[in-house]
Amino acid sequence: MQGEFIPLWLGIDIGGTKLALALGDEQGRLLAQRRRPARTTPNPEHDLAEIADEARALCSEAGVSLSDLSGVGVAAPGPLDPVSGDLLNPPNLPGWKRVPIRRLLEAQLGLPVRVENDANAAALAEWRFGAGRGAQHVVYLTMSTGVGAGLVLGGRLYTGKLAAAGEVGHAPIVWDGEPCACGGRGCLEAYVGGAAWTRRLARSTPTTSRVAALAGTPEQARPEHVLAAAREGDAFALAELARYNDHLARGITNLVFLLAPEVVILGTIPSAAGEELCLGPVREQVLARVWPVLARELRIVASGLGPRLPFLAGICAGIEATLP
């Protein structure tokens, strides 16, 4: 069975709320995987040593030696330097300042490590194996703790100057609007990022709403409670989703005018919300505002990989490092 998966890659996805590790091949087949809640601390060297231990355990469970692997791909929230493999004080990993992920993991695992922005890695995975397969111009929006865009343009990953392209979550859509974790105000992430939405819900959820009932208290309300309550017709939840969809559509409209993609793929919260609550209303707003030539054949869709995405994102970051 091992021969079917050679060359094998170890993929690691480090998120603000979760850690995902997987062994897989260049056809998108997964040999082994594990996922757990994130528990990053102000001591990233300790955290990465723990992740390396888990990677060795995953290989052992799968009957694979580290020496059998072609390399390691790491998907992590930006900003980061993919050349040095250093993480540069990401807003959604508090305590991680300038962290040399590549150097630390290469020392721990004895393998070449490629570190890539999580949105870029997810875009590569969706382009290779998911909803963007067959397209040349793909935008993937990661919309979990924060918001970022991965761009595959002309069939290649586009990272821009200092690998900083795609930080659409920190492009302001409301001048002097809500404060954002990056220090700015009015950023897209401040309106549709999961962490920002959770903070908003804690201060704005009515005690009489179905959202509060599902959460236990208004202070414990989260986006998943809004989605569940909206499906039951709760007025507050439906109003929150309408607000969310409006801001998301503004961000996507700007991206369509700027990049003229064939496909815009929405991850996490919009994918969980589905067609009726989110994808349909957002698509309708965007298509009504962009030029017909840009709207023609434009697809705005949910992730095609679902729960497999974080596992394949890390693997695709590793595969990308081998391309000319």
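Residues numbered from 1 in each chain as written. Predicted model: local features only at pLDDT ≥ 70, side-chain atom pairs only at ≥ 80, totals over all residues. Heavy atoms only, no water.

Colleague: Can you explain the environment of R250? Please cite residues and give values.
Modeller: By secondary structure assignment, the location of R250 is in helix α8 (residues 235-259). In sequence terms R250 and V282 are 32 residues apart; their C-alpha atoms lie 9.0 Å from each other. Setting aside anything within four residues of it in sequence, one finds R250 in contact with I173 and V174. (Helix = DSSP H or I, 4+ residues; strand = E, 2+ residues; numbered from the N terminus. Contact = heavy atoms within 4.5 Å.)

Colleague: Tell me about unusual backbone geometry, and name the residues and values.
Modeller: Of note in the backbone geometry, T268 takes a positive phi value of approximately 55° without being a glycine. When you line up the elements, T268 lands in the loop between β12 (263-266) and α9 (269-289). Assessed through its relative accessible area of 39%, T268 is described here as partly exposed. Even without being glycine, E297 reaches a positive phi, approximately 65°. (Buried < 20%, exposed > 50% of the residue type's maximum accessible area, 1.4 Å probe, protein only.)

Colleague: Go over the environment of L201 with me, naming the residues and quoting the values.
Modeller: Within the fold, L201 resides in helix α5 (residues 194-204). When its relative accessible area of 0% is taken as the criterion, L201 is described as buried. Residues L201 and A221 lie 20 residues apart in sequence; the distance between their C-alpha atoms is 5.9 Å. Setting aside chain neighbours within four positions, we find L201 in contact with P218, A221, R222, P223, V226, F236 and E240.

Colleague: Lay out the environment of A195 with the relevant residues and their values.
Modeller: Here A195 lies in helix α5. Under the relative-accessibility criterion, A195 is labelled partly exposed at 25%. Not counting the four nearest positions on each side in its chain, A195 is found in contact with S144 and T145.

Colleague: Pulling in residues and values, what's your account of empty space enclosed by the protein?
Modeller: For the structure shown, the criterion picks out 2 cavities of 30 Å³ or more. When its volume is computed, the largest cavity comes out at roughly 70 Å³. In terms of lining, the largest cavity is formed by I14, G15, K18, L19, R36, A38, R39, T40, D47, E50 and I51. Of all the elements in the fold, those that place two or more residues in the lining of the largest cavity are β2 (18-24) and α1 (44-62). Among the elements that take part in the lining of the largest cavity, α1 stands out by supplying 3 residues, more than any other. Its residues assigned to classes, the lining of the largest cavity shows 4 nonpolar, 2 polar and 5 charged. By volume, the second largest cavity amounts to about 50 Å³. Lining the second largest cavity, in full, are N92, T145, C180, A181, E189, A190, A195, A196 and R199. Elements with a minimum of two residues in the lining of the second largest cavity: α4 (189-192) and α5. Sort the elements by how many residues they give to the lining of the second largest cavity and α5 lands first, with 3 residues. (1 Å grid on protein atoms, 1.4 Å probe; cavity = no way out; pocket = protein on both sides within 12 Å on 5 of 7 lines; lining within 4 Å. Points joined across faces, edges and corners; volume = space filled by probe spheres on them. Nonpolar A, V, L, I, M, F, W, Y, C, P; charged D, E, K, R; others polar.)

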